[in-house]
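# Observations on chain architecture
Next come the chains, spelled out residue by residue.
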Amino acid sequence: MAARALTFFKGQWLEGNPGIIGPMSHCMWLSSVVFDGARAFEGVTPDLDLHCERVVVSAHALGLAPMLTAGEIQELALDGIGRFPANSALYIRPMFFAEEGWVMPDAASTAFCLTIHESPMPAVQGFTACLSSKRRPLPGTAPTDAKASALYPNAGLAIREAMARGFDNAILLDPLGNVAEFATANLFIAKDGAAHTPVCNGTFLNGITRRRVIGLLRDAGVPVFERTISWAEVLDADEVFSTGNYSKVVPVTKVEDRTFPNGPVGRRARGLYWDFAHR
């Protein structure tokens with residue numbers, strides 16, 4: 001049975017997977033879609049306001065004309081969350097998309113929907129990853145300043161490649177050969193008690209959970225360095241972990257042939273995030 005889902009579209013909540021676009025919709029054949037993802041779990045919705053703000057920013061970056069404010073989207077999300085059993089683990093996905101246009105989306109045709117569906121939080125045992133042959137794009141070659149659906153097929157190809165090799169996820173480099181991120185989340189390494197994460201250079205999004213974890217670690221006295229990271233440094237790290245909205249903070253147990261522990265820096269990051277989320 002499919003997980004329970006509700007979608008707000010044109011003033012009403014619809015159940016399941018409603019048909020809201022068609023073959024003539026610009027977004028269906030030319031990918032004029034932006035989205036964001038937030039989480040509700042254990043009765044909390046950490047940084048929901050920031051996710052609602054970012055989908056509006058993403059819409060503008062793709063040339064769309066969002067007709068709702070971040071605050072209005074947040075109110076709708078809270079209404080939708082309240083329609084599920086208390087403490088449900090939910091994925092919250094606001095989306096803007098264009099119905100019309102020729103290559104360039106017609107901003108006046110921008111539409112909005114908000115989907116909320118049941119989605120258990122992933123377990124904390126961690127995941128494995130390998131180096132991908134795919135690369136993150138440079139600004140100017142793709143809409144890297146937006147959380148745009150058009151960016152995700154490349155991530156999907158990276159995961160397919162990784163799974164064919166027996167891994168769960170993939171690490172993508174930027175076009176200059178430096179480490180960018182995982183296919184589905186931001187990347188951190190730990191070395192000698194400090195956390196390190198690739199500096200944002202426009203090839204990947206500066207994740208909301210990434211920024212939150214950096215701030216929490218620094219406030220707790222853990223050094224965090226945002227800098228250029230090489231592939232060799234990942235393999236030489238003491239720990240590797242990921243941050244992202246869907247799973248929050250998760251350890252990486254293996255990269256290529258190198259195994260890693262669920263170490264103290266990553267555990268501290270997850271603990272600090274959980275404390276923040278429940279405050």
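Residue indices follow the written sequence of each chain, beginning from 1 at its first position. It should be noted that, the model being predicted, local features are given only for residues of pLDDT at least 70 and side-chain atom pairs only at 80 or more, the latter also being counted only at that level, while totals for whole chains, interfaces and linings use all residues. Excluded from the side-chain calculations are hydrogens and water; all other atoms, namely the structure's heavy atoms, are used.

### Topic: the overall build of the protein chain
Counting its secondary structure elements, the protein chain contains 7 helices and 17 strands. Here the radius of gyration uses the C-alpha set of atoms, whereas the globule reference equals 2.2 Å times the residue count to the power 0.38. In summary, the protein chain has a C-alpha radius of gyration of 19 Å against a globular reference of 19 Å for 279 residues, a match within 12%. Principal-axis analysis of the C-alpha atoms gives the protein chain an extent of 55 × 40 × 35 Å. Here the protein chain holds 279 residues, and 50% of them are scored as buried. A sequence separation of at least 24 residues applies to 70% of the contacts in the protein chain between residues at least 6 apart. In the structure as shown, the protein chain presents an accessible area of about 12800 Å², 56% of it carried by carbon and sulfur atoms. The average position of the 25 basic charges and that of the 28 acidic charges among the side chains of the protein chain differ by 4 Å. Under the scheme used here, helices are H or I runs from DSSP no shorter than 4 residues and strands are E runs no shorter than 2 residues, and both carry numbers assigned from the N terminus. Only protein chains enter the calculation, and the probe is 1.4 Å; a residue is then buried if its accessible area is under 20% of its type maximum, exposed if over 50%, and partly exposed in between. Pairs of residues are marked as contacts when any of their non-hydrogen atoms sit within 4.5 Å. Residue-level accessible areas treat just the shown protein chains as cover; the underlying method is Shrake-Rupley with a 1.4 Å probe. Neither His nor the chain ends is counted toward charge; the positive residues are Lys and Arg and the negative residues Asp and Glu. Where a charge lies is defined by one atom per residue type, namely NZ (Lys), CZ (Arg), CG (Asp) and CD (Glu).

### Focus: the packing of aromatic side chains
How two aromatic rings sit relative to each other is given by the distance of their centres and the angle of their planes. Pairing of aromatic rings covers Phe, Tyr and the six-membered ring of Trp, with a centre-to-centre limit of 6.5 Å; geometry is then stacked below 30 degrees between planes, edge-to-face above 60, and tilted otherwise. Using the criterion set out here, one finds 10 aromatic pairs in the structure. On the basis of an interplanar angle of 50° and a centroid distance of 5.7 Å, the ring pair of W29 and W102 is categorised as tilted. Taken as a pair, W29 in helix α1 (residues 26-30) and W102 in strand β6 (residues 101-102) lie far apart in primary sequence, 73 residues in all. With a relative accessible area of 67%, W102 lands in the exposed category. With centroids separated by 5.0 Å and ring planes inclined at 50°, the aromatic side chains of F96 and F112 adopt a geometry described as tilted. One end of the pair, F96, is in strand β5 (residues 90-98); the other, F112, is in strand β8 (residues 110-118), and 16 residues separate them in sequence. We note that F96, like F112, is buried. A positively charged side chain is recorded as over a ring if its NZ (Lys) or CZ (Arg) lies within 6 Å of the ring centre. The angle to the ring normal must also be within 35 degrees. Across from the ring centre of F84, 4.6 Å away, lies the NZ or CZ of R4, which sits over that ring. Sitting above the plane of the W274 ring, R270 keeps its charged end 4.2 Å from the centroid.

### Observations regarding the state of the cysteines
Note: disulfide means a covalent bond formed between the sulfur atoms of two cysteine side chains. The definition used for a disulfide is geometric: two cysteine sulfur atoms within 2.5 Å. Considering all chains together, one arrives at 0 disulfides under this definition. Here C27 is not cross-linked by a disulfide; its sulfur's nearest cysteine counterpart is in C113, at 9.0 Å. In this structure C27 comes out as buried when scored by relative accessible area, which is 7%.

### Observations regarding unusual backbone geometry
The phi angle at N87 is positive, at roughly 65°, despite the residue not being glycine. Relative to the helices and strands, N87 resides in the loop between α3 (70-81) and β5. Of note in the backbone geometry, E256 takes a positive phi value of approximately 55° without being a glycine. With respect to the helices and strands, E256 occurs in the loop between β16 (248-255) and β17 (258-259).

### Here we look at the pairing of strand β14 (residues 224-227)
Two strands pair if DSSP finds at least two bridges between them. Across 4 bridges, the pairing between strand β13 (residues 194-198) and β14 is parallel. Among the inter-strand pairings, T197 is bridged to a residue of β14, identified as E226. By convention, orient the strands away from the viewer: a clockwise path from the first strand over the helix to the second makes the crossover right-handed. With respect to chirality, the unit in which β13 leads through helix α5 (residues 208-219) into the neighbouring parallel β14 is right-handed.

### A short note on the side chain of K147
Within the secondary structure layout, K147 lies in the loop between β9 (127-135) and α4 (152-164). Here, a salt bridge means any Lys or Arg side-chain nitrogen found within 4 Å of an Asp or Glu carboxyl oxygen. Salt bridges are absent for the buried K147, whose nearest opposite-charge side chain, D36, sits at 5.6 Å. Polar contacts, as counted here, are pairs of nitrogen or oxygen atoms within 3.5 Å of one another; within protein the pair requires one atom able to donate a hydrogen and one able to accept it, and residues that are adjacent in sequence qualify only if both atoms are side-chain atoms. Only 2.7 Å separates the side chain of K147 from the side chain of Y152, close enough to count as a polar contact. In this structure, K147 is in contact with V34, F35, D36, G37, R54, S58, Y152 and L205, ignoring residues within four places of it in sequence.

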